[in-house]
Structure formats: structure tokens, C-alpha cells
Amino acid sequence: MFRGGLDAEYMLNTRRGRILIENLTAYAFLGPAGCLIALFGLFPVAFAFFVSLHRWRRFPDEYIGLANYEKALGNLGYILFFWLSLLGFAATAMMARRLLKTLRRARWSAEWPALAAGAVSGFALLLTIDWFFKLIPVIMLIPRLVRGQDTSLALFMEKFGESFASSGVHEAGNAMLVGLLAAVVSLSIVLRRFRSDASGELIVFSAITTALSAGSAYLLQLTLQETELAIAQAREAGERLPVWSQLVFISAGIGMIAAAYVLFQRGIKALENRRFIFMIFSGLSLAVGGYLVMAEAPAALAAGDDDLLQGFWVTVMYAGGTVPVQLTIGLLLAYLLFQPIRFRAFFRMVYFIPYITPFVATSIVFRVIFDAGKTAPANRMLTLVGIEPQRWILERSSLGSLLGLPDFLAGPALALVVIMIYSTWTYIGYDAVIFLAGLGNIPGELYEAARIDGAGGWRIFRHITLPLLSPTIFFLSLVAIIGTFQAFTQIWILRTGAVGSKVNTASVYIFDELQNSNRYGYASSMAFVLFALILLMTLFQNRIMGRRVFYG
């Protein structure tokens with residue numbers, strides 16, 4: 001025992017031992033944060049996807065595959081899941097590429113045990129996830145099983161214990177235990193006998209690659225199976241379901257539009273006039289062609305949920321009508337409050353108050369201001385300038401139709417415009433404060449040098465302030481777009497039954513389905529679609545706007 005203690009102490013005092021202690025210390029500090037991210041970030045997404053594959057009303061019901069997505073999005077649901085599985089394979093390829101790069105720095109003959117241990121660990125993780133999601137619905141059925149009985153803690157614990165031995169869960173649990181045992185044994189062997197500097201990295205990359213490839217294969221199999229089943233059911237009913245042709249045309253249209261964007265980018269950077277004209281014309285042609293080829297998209301959405309599609313359209317109008325306005329006004333306010341004026345701190349506090357005031361209180365105030373009665377403050381102001389009173393939060397008609405504009409310029413309903421005004425008023429103070437922090441980080445020497453060179457106020461703002469504020473603008477635009485797609489509280493309070501779906505964003509419609517209809521599976525499918533849409537928009541925004549950010 002004493003000899004073993006000396007050996008352990010000696011190993012920890014070596015270079016490898018010190019590196020091991022540093023790594024264990026770092027993981028010990030990161031562990032709680034990782035658990036919180038997994039519990040409150042990754043698990044809700046995975047569980048929402050699991051629920052969306054079932055008919056779920058308060059309690060778990062039968063497995064129905066992609067039926068909820070087909071009901072919400074029509075044939076586009078199958079197409080989106082097909083591309084989602086391909087994106088999963090693309091992520092697998094990227095991870096495998098990193099794995100190969102790590103292998104090039106080490107010897108393959110010496111590192112294969114680490115690769116094998118990582119693959120076994122990845123399969124063990126998948127088996128654990130499979131067991132967990134088979135166990136959860138059984139546990140959630142306990143309240144239904146004990147209904148009408150004398151409920152007690154002992155009865156609940158009895159049913160809880162029986163859940164682990166139920167059909168399907170028991171077999172999945174045995175498979176999970178075998179997988180975990182194999183993972184522990186393989187990792188112990190590698191770390192004890194075949195450990196190297198690259199072993200940890202190879203194990204992690206191999207496990208992630210294995211889990212991603214298996215998950216993508218399952219998603220592709222599910223999509224193809226559900227698609228073929230839907231086509232077969234349509235044929236039996238004497239109908240035609242052109243899913244594969246729609247997939248080809250929609251994908252080709254998206255590809256052409258993406259190629260047009262690349263050509264536009266290269267054309268802007270072209271120095272020769274001929275090359276500039278050719279690139280711009282080619283990009284324009286591809287964009288028009290892609291738009292025409294994507295004509296199958298409306299047909300794919302024809303069988304979708306009209307209320308959900310209307311909710312997405314309202315969300316897009318809400319985001320387009322609030323984000324640019326609140327960022328512009330916030331930037332102008334910040335630029336003015338950055339000047340050496342009197343009571344500057346007081347005005348900063350005043351503009352920030354709407355953001356920290358509870359939404360419920362300020363929303364009720366806005367309901368009073370924009371009430372449909374003639375004595376409402378907003379209608380009194382309109383009367384003073386000779387305009388007839390409006391119904392405001394009760395008005396279903398679009399703003400453009402009220403102004404006499406054509407239908408294609410109709411825009412959002414007047415009730416939605418009121419909500420846009422409220423959201424803009426609420427967030428401009430927050431944007432102004434963040435912009436003020438960005439303005440404070442710009443060196444004053446740049447402004448002095450520009451004034452010495454004869455630059456005016458607009459040139460200084462255009463060529464110094466805006467470029468150096470681009471990281472702040474990028475951050476605020478990203479947060480604002482995500483926030484508008486998740487907006488709920490102010491819309492829920494300010495909406496009325498008279499305007500119906502004219503102000504219901506996607507998040508409000510999802511909550512309606514969950515609260516009023518108790519269709520948990522269908523609501524989860526829509527929530528997952530909204531999550532995927534926000535994620536894609538964030539990725540595209542990082543890709544497009546991130547390149548234009550100047551970090552000095």
C-alpha cells in the first residue's frame with residue numbers, strides 16, 4: 001500500500017501527471033455549466049422532437065412518425081427532414097475530418113484503441129438516450145394508472161419501480177448497461193495501457209462522429225419510411241403525392257439562389273467593368289431562375305396548417321417592422337446622448353426605463369392609449385390633425401388598405417402595427433445603452449485626426465463610427481431577430497379576439513394549441529420547426545453579416 005502511494009504520488013509529479021491534474025480541474029469547473037446546458041438547453045429540444053413524433057394529449061399516446069409535421073407543413077415537412085438528415089451527415093463529415101487531422105499528427109497503429117473506445121462510447125451514449133426516452137413516457141403514465149386509487153407515496157414508488165421493468169424499457173435498459181460496461185472497460189484499457197497525448201481528443205471526436213452518423217442515419221431512415229408510406233397511402237386513395245419532384249425542384253431553386261449570392265459577392269469585388277457586369281447579370285439570372293424553379297414550394301405547402309403558416313408570416317412582418325426601426329432609433333439616440341450635453345445621465349436613465357418596466361404593466365397602458373373608443377389618447381391626437389379615429393387594437397384591416405395602397409403593399413394589420421410600436425418603444429432604450437458602450441470604446445484620436453483632415457460630421461459617422469460599431473450592430477441585430485421570433489408576452493396581452501390570426505405570431509399559435517387543444521405532440525412539432533427556423537436564420541446571419549463585422 002505504501003509503495004502504491006509513492007508510485008501514485010510520483011506519477012502525479014511528472015509532466016503528464018500535472019497535465020492530467022490541470023485537465024481534471026478544468027473539467028471539474030466546466031462540469032456544472034455543462035450539466036445545466038444539457039439539462040435546460042439540449043434536453044428540451046430533444047424531448048420536444050420525441051414528443052412531436054407521438055400523438056400526445058396530456059399523456060403519451062401512440063407513435064405516429066412525421067404525421068404532425070406533415071399536418072403543419074404539408075409535403076414540405078418531408079422535404080425539410082430529408083435535408084435535415086443530409087445536414088446531419090455533413091456535420092458528421094466535418095467531425096470525421098477533424099478526426100483525420102488529429103490522426104495525421106499521431107500514428108494510426110498506436111491510436112486505433114482510442115478510436116475504438118470512442119466509437120463504443122458513442123454507441124453507449126445512443127443506447128442511454130434510447131433507454132431514457134423509452135422510460136420517460138412510461139413514468140408519465142403513472143398518474144393515469146393510479147387514477148381512482150388511494151394515492152400515496154408508496155403507491156407511486158411501486159409504479160415507478162415497475163416502470164423500469166415494463167416491456168421495451170427493460171430490454172433497452174439491459175442494452176444500455178452492456179453498452180456502458182463496454183465503454184467503461186474500453187476507456188479504462190486505453191487510458192491505462194495505450195494512452196497518448198492525442199488519446200483524449202481522439203476519443204471525444206470518435207464518440208461524436210459515431211453518435212452523429214447513427215442519429216443522421218436514423219433520421220434519414222425515418223424520413224424515407226414516412227415519405228414512402230405517405231405516397232403509398234395517396235396511391236391507395238387514387239391521389240398523387242409528388243414529394244420527390246418537389247424535393248428536386250425546391251432544392252434546385254435554393255441551390256440557384258445560393259449560387260446567385262456567391263456571384264453577387266464576387267461581382268462586387270471585381271475590379272474590371274466587364275467582369276462586374278457579367279457577374280451581376282449572371283447572379284440576377286440565377287436568382288430569377290431559382291425563384292421560378294421554386295414554384296413547387298407553394299404546392300408543397302398547400303396541405304399545411306393555414307393558421308401556422310399565417311403565424312409564420314405575421315412573425316416575419318413583426319420582425320421586419322420592429323428590428324430595423326428599433327436599431328436605427330437606438331443608434332441615433334445613442335449618438336445624441338454620447339454628445340457632451342447637460343443632463344446626459346438623466347436622459348439615458350429615462351430611455352432605459354421602458355426596458356426594465358414589467359411588460360404586463362406597460363402593455364396595459366398601451367391598450368388604454370390605443371383603445372378603439374373615440375376618447376382614447378391616440379384617437380384624440382388623430383382628431384386634432386383632422387384624421388378620423390381608428391379602431392387600433394381591434395382593427396383587422398391592413399395599414400396599406402387603410403391608406404388606399406394596392407394589395408401587394410397592404411402590409412400588417414393595424415392591430416399588429418400597435419404591437420410593433422410597443423415593442424420598438426420598449427427596446428430602443430436597451431439598444432441605445434449597448435450602442436453607448438460601443439461608442440465609448442472608439443478611440444477619440446480617430447475623430448480628432450478625421451477633423452484635422454477636414455472630414456465633416458457625416459463622413460466621420462459613415463467611415464469611423466459605423467465600421468467600428470459593426471460588432472455592436474451585429475450583436476444587437478442577432479439578439480433582436482431571435483427575440484422577435486420568440487416574442488410572446490406583449491403580443492398575448494395586446495391582442496384581442498376581434499383581430500384573430502392577424503396578430504398571432506408562431507409562438508402565440510403554438511401556445512394556443514398547447515393550452516386550448518392540449519395537443520402536445522402537434523405543438524411540439526411546431527415548436528421544433530420554429531426552433532429549426534431560428535437556428536437556420538442565426539447561422540445565415542452569422543455567415544452573411546459576420547463577414548462584414550470590423551473588429552479593428
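Residues numbered from 1 in each chain as written. Predicted model: local features only at pLDDT ≥ 70, side-chain atom pairs only at ≥ 80, totals over all residues. Heavy atoms only, no water.

Looking only at helices and strands, the protein features 23 helices and 0 strands. Out of the 552 residues in the protein, the part that is buried amounts to 37%. A fraction of 71% describes how many contacts in the protein between residues 6 or more apart in sequence connect residues 24 or more apart. Total accessible area on the protein stands at roughly 32500 Å², and carbon and sulfur atoms take up 68% of it. The centroid of the 44 positive side-chain charges in the protein is displaced by 9 Å from the centroid of its 33 negative side-chain charges. (Helix = DSSP H or I, 4+ residues; strand = E, 2+ residues; numbered from the N terminus. Buried < 20%, exposed > 50% of the residue type's maximum accessible area, 1.4 Å probe, protein only. Contact = heavy atoms within 4.5 Å. Areas by Shrake-Rupley, 256 points an atom, 1.4 Å probe, with all protein chains shown as cover. Lys, Arg positive; Asp, Glu negative; His and termini not counted. Charge placed at Lys NZ, Arg CZ, Asp CG, Glu CD.)

Before going further, it helps to examine the side chain of threonine 223. In this fold, threonine 223 is placed in helix α9 (residues 199-236). Classification of threonine 223 by relative accessible area gives buried; the value is 1%. In this view, threonine 223 contacts Leu66, Tyr78, Phe81 and Phe82; residues no more than four positions away in its chain are not counted.

This paragraph deals with helix α22 (residues 506-516). Buried within α22 we find Ala506, Ser507, Val508, Tyr509, Ile510, Asp512 and Glu513. Residues of α22 that are buried sit in contact with α13 (306-337), α20 (457-486), α21 (489-494) and α23 (520-545). Just downstream of α22 lies asparagine 518, where phi reads positive at about 55°.

With that settled, the discussion passes to the side chain of asparagine 379. Assignment of secondary structure puts asparagine 379 in helix α16 (residues 377-384). At a separation of 2.7 Å, a polar atom in the side chain of asparagine 379 contacts the main-chain carbonyl oxygen of glycine 373. Not counting the four nearest positions on each side in its chain, asparagine 379 is found in contact with Asp371, Ala372, Gly373, Lys374, Pro389, Gln390 and Trp392. (Polar contact = N/O pair within 3.5 Å; in protein donor to acceptor, adjacent residues only side chain to side chain.)

What follows is about the domain arrangement of the protein. Where interface size is given, it is often the accessible area lost as the parts come together that is meant. In terms of domain boundaries, the protein breaks down into domain 1 (1-52), domain 2 (53-236) and domain 3 (306-548). In this structure, domain 1 and domain 3 have C-alpha centres spaced 42 Å apart. Taken together, the contacts link 5 residues of domain 1 with 6 residues of domain 3. Taken over both partners, the interface formed by domain 1 and domain 3 buries close to 450 Å², and the fraction arising from carbon and sulfur atoms is 84%. When residues of domain 1 are sorted by the area they lose upon contact with domain 3, Val45, Val51 and Ser52 head the list and together hold 68% of the total. (Domains from an automatic or database assignment. Buried area = accessible area lost by both parts, 1.4 Å probe.)

What follows concerns a nonpolar patch on the surface. Judged by side-chain polarity, Ile341, Phe343, Phe346, Phe347, Met349, Val350, Tyr351, Ile353, Tyr355 and Ile356 come together as a nonpolar surface patch covering roughly 920 Å² of accessible area. With respect to the helices and strands, isoleucine 341 occurs in the loop between α13 and α14 (344-356). (Patch = residues over 30% accessible without salt bridge, like charges linked within 9 Å, V, L, I, M, F, W, Y side chains within 5 Å. Salt bridge = Lys/Arg side-chain N within 4 Å of Asp/Glu carboxyl O.)

Attention shifts here to the packing of helix α18 (residues 414-440) against α20. Closest axis-to-axis distance for the α18/α20 pair is 9 Å, and the angle between their directions is 140°. In terms of orientation, α18 and α20 fall into the oblique class. Between α18 and α20 lies a crossing of right-handed hand. Here α18 contributes Tyr430, Asp431, Ile434, Phe435, Gly438 and Leu439 to the contact with α20, which in turn contributes Thr465, Leu469, Thr472, Ile473, Phe475 and Leu476. Considered class by class, the residues forming the contact of α18 with α20 number 8 nonpolar, 3 polar and 1 charged. (Axes fitted to C-alpha atoms, helices over the stretch in contact; angles between N-to-C directions. Parallel < 35°, antiparallel > 145°, perpendicular 65-115°, else oblique. Left-handed = near helix turned anticlockwise from the far one by under 90°. Nonpolar A, V, L, I, M, F, W, Y, C, P; charged D, E, K, R; others polar.)

This next bit is on the environment of isoleucine 434. For isoleucine 434, the location among the structural elements is in helix α18. Taking the relative accessible area as the measure of exposure, isoleucine 434 reaches 24% and is therefore partly exposed. Excluding anything up to four places from it in sequence, isoleucine 434 contacts Thr472, Phe475 and Leu476.

Turning next to the nonpolar core. Core analysis: the largest hydrophobic core is formed by 34 residues, its most contacted members being Phe49, Leu66, Tyr69, Leu308, Met526 and Leu530. Going through the elements one at a time, α3 (67-73), α4 (76-104), α9, α10 (243-269), α12 (296-300), α13, α22 and α23 are the ones with two or more residues in this core. Among the elements that take part in this core, α23 stands out by supplying 7 residues, more than any other. Summarising the domain contributions, this core has at least three residues from each of domain 2 (53-236) and domain 3 (306-548). Sequence-distant contacts of phenylalanine 49, defined by excluding residues within four places in its chain, comprise Tyr69, Phe81, Leu219 and Phe528. (Core = buried A, V, L, I, M, F, W, Y, C linked by side-chain atoms within 4.5 Å.)

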